[in-house]
Amino acid sequence: MFSATEAERLIFTLIDPLGEVETISLAGVGCLGRVLAASVTSQLDFPHWDNSAMDGYAVRACDVEKAPTTLEVIEEIPAGKKPEKAVKAGQAARILTGAMLHDGADAVVMQEETTREANRVTILQVPRTQSFVRHRGSFYQAGATLLEPGQLIAPPEVALLAAAQQTEVSGYRRPRVAILSTGSELVRPDQPIGPGQIVDSNQYALAALVTQAGAQAVPLGSIQDERAVVKDAIASALTQADMVISTGGVSVGDYDYIDAVLEELGATLHIRSVAVKPGKPLTVASFDNKTYFGLPGNPASAMVGFWRFVGPAIAKLSGAVGPWGPTFVWAEATSVLAAGGKRETYLWGLLAVGEEGYAFGRAAGSHSSGNLVNLANTSGLGVVPVGQTLIEVGQPVQVLKIR
């Protein structure tokens, strides 16, 4: 068995970014979750001009060397209007947040530090030169790199692209990830459940996880535990996607055909099991430029395997800049975390932010790999390392963030 760290390291050596570039549009937020393939620049300075950071009065600081000082108000400038006059000796201009600064003015006095009567304003506090002035180009200068290749476009980047008037950018194509469920006992959610049957929840969970990871899910449904059927389904999946994920059929049972079928199809098998719980059976294979992940059929095992290994692999395949591994944080345990000690154990629960940092509490109820019920609202996986059987309340625990 590989350790989790060894398995992760090997998986990353098997994955190369797709590298296929296409034009993606800002319209309809179609770029959200995409990865930039080329640097982005803008022909605009940010800010576009000297402007006010406050509602108040634009003044010449040299005119207000003592307080109170009364000045003549020459005009009012809201955001979006260009000043028509320059501020001269003994003058001020009413200015609102974001409005262009007048020629001659070099400071803004906030409204709360003034009193106004007709066209006269009295300044009650002496301003510093450049106070509350945002200078043109102080955030960004036109022509410089605004966003780098490999940057994931999240909502802040969407806002920045819009502000920079970049309505189209070059991005990497989303990876297509096929999802297969194996098991003669599986039925769809819209089918009646017969004796011994269960609903194929993995198909839906993995499609959601793949989509959340920024890839395009290609759900292919469930297949019977028949060797020929499994072989045909995997061969077909490989023609439809850049990566294939299956659940079930990777253990040592009489109907677990995945590994043998992969070898028949010409795959190189790199991993067959990892020292983690849940999720010990894990098949990782490669077909030239495509990677295959065989996850266990138990739903908690399948999801833990995705969070720990598959999601990071999709991130690298997508072209995102590394590191691609999952995010771990240290937290204070708020409940006892017990494990067998022979495998790295992941216990799901709630990761919360407290007054002194993160806190993690184990979800109540059974942590059976077949139990989906208490996986709801999970935001982290507490890690009990190999060789350790107990983490007491108040002790530090490493937690894999999943929300």
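Above: the structure in question.
Residues numbered from 1 in each chain as written. Predicted model: local features only at pLDDT ≥ 70, side-chain atom pairs only at ≥ 80, totals over all residues. Heavy atoms only, no water.

Structural notes on helix α4 (residues 227–240)
Between its first and last C-alpha atoms α4 spans 20 Å; for 14 residues at 1.5 Å apiece the expected length is 20 Å, and the two agree. Buried residues belonging to α4 abut β13 (176–182), β16 (216–223), β17 (243–247), α5 (258–264), β20 (281–287) and β21 (290–295). (Helix = DSSP H or I, 4+ residues; strand = E, 2+ residues; numbered from the N terminus. Expected span 1.5 Å × (residues − 1). Contact = heavy atoms within 4.5 Å.)

Some remarks on the sheet that holds β16
Across the sheet, six strands lie side by side as β16-β13-β17-β21-β20-β18; this open sheet has mixed pairing. Bordering the open sheet on either side are β16 and β18 (268–273), each of which pairs with just one other strand. Each neighbouring strand pair of the sheet contributes to a mean axis angle of 15°, computed without reference to strand direction. Both β18 and β20 contribute to a ladder of four bridges, which runs antiparallel. Counterpart to Ser-273 in the pairing with β20 is Pro-281. (Pairing = 2+ DSSP bridges. Axes fitted to C-alpha atoms, helices over the stretch in contact; angles between N-to-C directions.)

Considerations on the pairing of strand β22 (residues 328–333)
Of the pairings in the sheet, the one linking β22 to strand β28 (residues 396–401) comprises five bridges and is antiparallel in character. Across the sheet, residue Trp-330 finds its bridge partner in β28, namely Gln-398. Taken together, the three bridges between β22 and strand β25 (residues 357–362) define a ladder with parallel strand orientation. Bridge pairing in β25 places Ala-333 opposite Phe-360.

Comments concerning the nonpolar core
Counting residues in hydrophobic clusters, the biggest one holds 39 residues, and the most contacted among them are Met-243, Phe-306 and Trp-307. With eleven residues, helix α6 (residues 299–317) is the largest single contributor of residues to this core. The contacts of Trp-307, once residues within four sequence positions are left out, are Leu-209, Pro-312, Pro-326, Leu-375, Leu-381, Leu-400 and Ile-402. Grouped together as the second largest cluster of nonpolar side chains are 21 residues, Ile-223, Ala-241, Tyr-257 and Tyr-292 included. (Core = buried A, V, L, I, M, F, W, Y, C linked by side-chain atoms within 4.5 Å. Buried < 20%, exposed > 50% of the residue type's maximum accessible area, 1.4 Å probe, protein only.)

Re the packing of aromatic side chains
Centre-to-centre distance and the angle between the planes together describe a pair of aromatic rings. A complete count under the given rule lists two aromatic pairs for this structure. On the numbers, 5.8 Å between centres and 65° between planes, the contact of Phe-46 with Tyr-140 is edge-to-face. Of this pair, Phe-46 sits in the loop between β2 (40–41) and β3 (51–52) while Tyr-140 sits in the loop between β10 (133–134) and β11 (145–147), and the two are 94 residues apart along the sequence. You can call Phe-46 buried: its relative accessible area is 12%. With a relative accessible area of 8%, Tyr-140 lands in the buried category. (Phe/Tyr/Trp six-rings, centres within 6.5 Å; stacked < 30°, edge-to-face > 60°.)

Topic: a nonpolar patch on the surface
There is a patch of nonpolar side chains on the surface, built from Val-336, Leu-390 and Val-393 and spanning about 230 Å² of accessible area. Residue placement: Val-336 occurs in the loop between β22 and β23 (337–338). (Patch = residues over 30% accessible without salt bridge, like charges linked within 9 Å, V, L, I, M, F, W, Y side chains within 5 Å. Areas by Shrake-Rupley, 256 points an atom, 1.4 Å probe, with all protein chains shown as cover. Salt bridge = Lys/Arg side-chain N within 4 Å of Asp/Glu carboxyl O.)

Re unusual backbone geometry
In this structure, Pro-47 follows Phe-46 across a cis peptide bond, with omega equal to -10°. Its location among the elements puts Pro-47 in the loop between β2 and β3. Going from Lys-277 to Pro-278, the amide bond is cis rather than trans, its omega being -5°. Here Pro-278 is to be found in the loop between β19 (276–277) and β20. Positive phi is not limited to glycine here, since Asp-288 has a value of about 50°.

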